[in-house]
Amino acid sequence: MGKRVGLEVTVAVAEAVALCRIDMAGGYPITPQSHIAEHLSNLVADGVLDAEFVTVESEHSAMSAVIGASATGARSYTATASQGLLLMNELLPIASAMRLPICMAIANRAVSGPLNILNDHSDIMPQRDTGWITLFAENGQEAVDLSIQAFKIAEHKDVMLPVCVNIDGFQLTHMVEPVEMPTQEEVDKFLPPFAPHATLHPAKPVTMGAFAMSDYFAEIMKAKDEAIKNSKKVILEVWDEWGKMFGRNYKAVESYRAQDAEILMLTMGSMGETAQVAIDELRDKGIKAGLVKLRLWRPFPFEEIRAALKNAKKLIVTDRACSFGGPGGPVFSEIKSALYAGDHHPAIYNFIYGLGGRDVPVQDFTGMFEKVIADTDNKAKDTYEFWGVRE
Amino acid sequence: MNLVENFDLYAPRLINKKELFSAGHRACSGCAEVLAVRLMCKALGENTVIASATGCMEIVSSMFPTTAWEVPWIHVAFENAAAVASGVEAGLKALRRKGKVDDRYVKVVGMAGDGGTMDIGIQALSGAMERGHDMIYVCFDNEAYMNTGIQRSSGTPMGASTTTAPAGKVSMGQKTWKKNMPEIMVAHNVPYVATACPSYPLDFIRKIEKAKSVKGPSYIHCFSVCPTGWRCPSHLAISMGRLAVETGVFPLFEVENGHYRLSPDMPKKLRPIRDYFKAQGRFRHLTDEEISMIQERVNTEHKKITEKAKYLKTGNE
Amino acid sequence: MALKTWKELPIGCVVSEPGSASEYHTGSWRSQRPVWNDAKCIKCGICYVFCPEGCVQQAENGFFKANLDYCKGCGICAHECWPRAISMVEEG
């Protein structure tokens, strides 16, 4: 059994990644990710981690270098946030199309402008359609566990796709949390060595990233879509194995006091913990409130979402980003789309909140519930609102 | 019989017979850039991994599901060939150290055109060179964005007409001087920088081989005649490169640890640039005055490089 | 060659057959072909060196010829051949 230690989450994530015996990491400083890169460099400098740490000159080059290294068969890792992730954007669909099992931490941070270094999900949301398996951590332990699981999922022969683990910037990355850190022996047992499908080496010359025109492009996109859809099976298997080994169970969708709830809230990321406190307060008042937490953003768990929401009369979807001029928040839009195909259609409300690091205390969550409960004839359903903005 | 012809007599014997870049590639007829790639592969040999930028050489060589490459090759995007190559180098280094791949030395090569090197890719290149990766970077400079339709780049020479800097009633075409990329690389203090041209195949091959023997980053700037973009007949592709050298428009030199040396193929006396300009449609509009202005600059630049070779010469000469 | 279905695509579209571009014959692009006059040829091999297609081959007897499956008829070999042993002939 691993040791329970108090660590800053970024440091814990770097320790977890080192336990995965990565061969290469590319790093470029950006708040609030930098501590991951710094700690990995320390581990390399001290000889604890035998890897090449490449201090690239931009996030674009970080992802480029990691793609190059992964293509040689090296287990490769990087971490970024916000503008850095946007700079990488061009390369993300290439990494997934090339089926390179790169793992990346995203210390979620608001995207400019204006410049803001604090947390929301506006950096990851524009990457939705890049073909990356996308996971959200709620606390430090999850950040550690998902970071290790990420390699196993990514490198599974039926997956071979890049994985990103989203860790809310500052609100999670910079917290010192008690974390149970697996031992090296445990990680070695859980995570087999990387067995790539092809590598850049003269022993067997291959061409990667060939040029495809209209005769092949659509087939290649279809293959990528099927690959990421099918990855859910492997993700669930990996979580099952993890649960058996470490006693910590993971699901695509988690529920809290949701079984008999009439009104449900849905969160993604670190806000789940605060929302849970709000649920307890509401329950104490006799309100049948419950919480659903989405951990797996891509591939999107349609069946699990429909099952988790099947008893709700009202549903509050919270979003930490906005699709400007669109349907509201991106999570809202996805949930609506999931429910449309089912036969249960709760009145659904969307609150866009916690933007650019805006503090979200418990009373904000209870406030959202109260507002939705007050809408007795569901007149405000299907609308979205920027929660708490000064009018 | 002059020196070049003497060399040519032995050329096939001096050149690696093995083709590592196959026929069937879709380069335009008479493409000197693809010739340079073919010769580069011969010089590099099998223990090579190439990371290529988007561009002519990428699309003509890798039409899925086929490839012209017989060495491991990867293409990712336009501006990042140097960064991808640096990652390949780092990956192979770690895997070899950890005993996860064959214990053999593999040279990593990044390649891009002038746009992919001097414009959009200069940041990634500068970073990779500064970090000191054990890699060669080759810029295949055909002096414009040929793949997208002959748009100007910072490698386009003064006076050339391109589709985004066309010659017109009030314009002479390109109004800026070609960016001096080899000197930018020299300023990175990399161990080896050279200019080359496939019109001088043995010189080009020797320089690639030298870069291959360097432990650390090296840079080769390869002048690559593009008959399509320069609007000259395809059979002149080789002679056009020769004229660029003979007129001093593209001097052949190498810089080893800061020491300059002009290549033996450089003429003692330059031919007038008019000889080089006249067969190319891209320069046809230039007036005598404009040609004189460019001639003056070529003379100045040639004097500079000659002086560098004189005063910063290789230690053992 | 039949186009592959999406299920048949190699993972990551890796091309594992080096040099398979040679399946495609660029010879059809040609409007003129090089013809060697062996009486003038000094077997220097400059035609072989300068061919952008790498399609000029040396036969057992030391003389050269182009593989017309690939020769695009650029005329470089004829122009660079200093004994003038190669002439470009229009394709019928």
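Look a little higher up for the structure.
Conventions used here
Residues numbered from 1 in each chain as written. Chains lettered and ligands numbered in written order. Predicted model: local features only at pLDDT ≥ 70, side-chain atom pairs only at ≥ 80, totals over all residues. Heavy atoms only, no water. Buried < 20%, exposed > 50% of the residue type's maximum accessible area, 1.4 Å probe, protein only. Helix = DSSP H or I, 4+ residues; strand = E, 2+ residues; numbered from the N terminus. Pairing = 2+ DSSP bridges. Right-handed = clockwise from strand over helix to strand, strands pointing away. Phe/Tyr/Trp six-rings, centres within 6.5 Å; stacked < 30°, edge-to-face > 60°. Salt bridge = Lys/Arg side-chain N within 4 Å of Asp/Glu carboxyl O. Contact = heavy atoms within 4.5 Å. Buried area = accessible area lost by both parts, 1.4 Å probe. Polar contact = N/O pair within 3.5 Å; in protein donor to acceptor, adjacent residues only side chain to side chain.

Peer 1: Looking at this structure, how should I read the pairing of strand β2 (residues 24-27) of chain A?
Peer 2: For a regular strand, the rule is simple: side chains alternate between the two faces of the sheet. Residue and element names in this part refer to chain A. A two-sided burial pattern is seen for β2, the buried positions comprising M24 and G26 on one face and A25 and G27 on the other. Summarising the sheet, β2 and strand β3 (residues 52-55) pair through four bridges and their orientation is parallel. Bridge pairing links A25 to F53 in β3. Crossover connection from β2 via helix α2 (residues 34-45) to parallel β3: handedness right-handed.

Peer 1: Help me out: how do you make sense of the packing of aromatic side chains in this one?
Peer 2: Any pair of aromatic rings gets described here by the distance separating the centres and the angle formed by the planes. In total, this model carries 20 aromatic pairs over all chains according to the counting rule given. Centroid distance W242 of chain A to F246 of chain A: 4.0 Å. Interplanar angle 35°. Geometry classified as tilted. Of this pair, W242 of chain A and F246 of chain A both sit in helix α8 (residues 217-246), four residues apart, which is roughly one turn of the helix. Take W242 of chain A and F246 of chain A: they sit in the same class, and that class is buried. An angle of 75° between the planes, with centres 4.7 Å apart, marks the rings of F21 of chain B and W69 of chain B as edge-to-face.

Peer 1: What is the right way to read the pattern of salt bridges from this model?
Peer 2: Opposite charge on two side chains lets them pair, provided their charged atoms get close. Enumeration according to the criterion identifies 58 salt bridges over all chains in this entry. The shortest N-O distance in the salt bridge between D280 of chain A and R257 of chain A comes to 2.9 Å. Of this pair, D280 of chain A sits in helix α9 (residues 271-284) while R257 of chain A sits in the loop between β10 (253-256) and β11 (263-267), placing them 23 residues apart in sequence. D280 of chain A sits in the partly exposed class, given a relative accessible area of 25%. Between D203 of chain B and R206 of chain B there is a salt bridge, with its nearest N and O atoms 3.5 Å apart.

Peer 1: How should I be thinking about the interface of chain A and chain B in this particular structure?
Peer 2: The figure often quoted for interface size is the accessible area lost as the parts come together. Counting from both sides, the interface comprises 42 residues of chain A and, opposite them, 45 residues of chain B. Surface buried jointly by chain A and chain B totals about 3200 Å² across both partners, of which 63% is contributed by carbon and sulfur atoms. Applying the counting criterion to the chain A and chain B interface returns six salt bridges. One can count 18 residue pairs in polar contact (both at pLDDT 80 or more) joining chain A with chain B. Listed by contribution, the elements that provide at least two residues to the side of chain A that touches chain B are β3, α3 (59-71) and β9 (207-208) of chain A. It is α3 of chain A that provides the largest number of residues to the side of chain A that touches chain B, a total of eight residues.

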